[in-house]
Amino acid sequence: MADKYDPNEVAAILSYGYRRNRLLQALFASRAIILIVILHRIYFGAWTEVPVLVVLFALIYAISRKAKHSNIDTVAAAFMWSVTVALTYLIWCNQGLRDEALIAFPGILIFAVILGSQRLFKALLAFIVANILLIGYVNTAGIYLHQALPSDLGAAILICILLLLTTYCVWLLSNDLRLAVKRISEENKRVVESEQQIHTLLHHDVLTNLPNRSLAKERFKQALSRSIRHHKLASLLFIDLDNFKHVNDSLGHQVGDALLVGISQRLVGLLRDSDTICRLGGG
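Throughout what follows, the structure given in this document is the object of discussion. Bear in mind that the values here come from a model prediction, so they are computed numbers and not experimental data. (Residues numbered from 1 in each chain as written. Predicted model: local features only at pLDDT ≥ 70, side-chain atom pairs only at ≥ 80, totals over all residues. Heavy atoms only, no water.)

Let us look at the nonpolar core. One finds Leu 23, Phe 79, Met 80 and Phe 111 to be the most contacted residues of the largest nonpolar core, which totals 44 residues. Every element with two or more residues in this core is listed here: helix 1 (7-43), helix 2 (50-67), helix 3 (72-93), helix 4 (104-115), helix 5 (118-140) and helix 6 (153-203). A total of 10 residues in this core trace back to one element, the largest contributor, which is helix 3. Not counting the four nearest positions on each side in its chain, Met 80 is found in contact with Ile 108, Phe 111, Ala 112, Leu 120 and Leu 124. (Core = buried A, V, L, I, M, F, W, Y, C linked by side-chain atoms within 4.5 Å. Buried < 20%, exposed > 50% of the residue type's maximum accessible area, 1.4 Å probe, protein only. Helix = DSSP H or I, 4+ residues; strand = E, 2+ residues; numbered from the N terminus. Contact = heavy atoms within 4.5 Å.)

Right, dumping it as structure tokens:
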């Protein structure tokens, strides 16, 4: 006996595998970006940020080691929160609302939508918004003032690096959406073709492709209704092939089928477009 599969269970398995692959991609991209940022900060002499970035790199590396075997929701939450908290710390310690790290927040939220749950996304969004508002408040109230540094080449390079990370997130999401739309379109096309095939099988003879008994009744009712409505005549003609059984018995069913197909094609060629020829016998 063939195994029975629950479509919802299969979809959940495929979705789980998809999220795990995306998570591994996100972890790899984040490690690469953080390593580049560390080298960037060292090169431009911003040593105060390097320890935080090194700790973040180590955390993401440890999370990556467990990503293949641990629960994906737990791993995604640990990854997203580690990056968000580290960036928030750097924003508080540096230029506040003018800090380059703010550019990474949209990418984090996009990854949270792809990899995590709605709960994780809402929690991260609330945390980010709360910190942005709090930074704005403490600066407005004069409790703590963030000093904006002059725009230089180092800041430009860092913005480009973070922008590339955000662009990578958007590219992943848009690519997944395109694939999903393509698969839905292909599935919809298969459904339409299946419906057309089912309709043909239900209302047409398999051998001659002529309308069958069921469709013949429907067509006759329509023709009779038109004749009554327009006060015209409608005709119905039955044609029977005499001694057709002898053709099947003497020459074989293949020759008999070819004869039926040939007769049906000739009759179709003699009729008007408004006329209907049907096969009442057969399968």
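In this section: empty space enclosed by the protein. A full pass over the atoms with the stated rule returns one cavity of 30 Å³ or more. Quantified by volume, the largest cavity comes out at close to 40 Å³. Every residue lining the largest cavity is listed: Thr 88, Ile 91, Leu 102, Phe 105, Ile 128, Asn 131, Ile 132 and Ile 135. If one sorts the elements of the lining of the largest cavity by residue count, helix 5 sits on top with four residues. Of the residues that constitute the lining of the largest cavity, the class distribution is six nonpolar, two polar and no charged. (1 Å grid on protein atoms, 1.4 Å probe; cavity = no way out; pocket = protein on both sides within 12 Å on 5 of 7 lines; lining within 4 Å. Points joined across faces, edges and corners; volume = space filled by probe spheres on them. Nonpolar A, V, L, I, M, F, W, Y, C, P; charged D, E, K, R; others polar.)

This model, assessed by the stated rule, comprises two aromatic pairs. Arranged with centres 5.0 Å apart and planes meeting at 85°, the rings of Tyr 43 and Phe 44 form a pair that is edge-to-face. Exposure remark for Tyr 43: the relative accessible area of 68% places this residue in the exposed category. Overall, Phe 44 belongs to the partly exposed group, its relative accessible area being 36%. (Phe/Tyr/Trp six-rings, centres within 6.5 Å; stacked < 30°, edge-to-face > 60°.)

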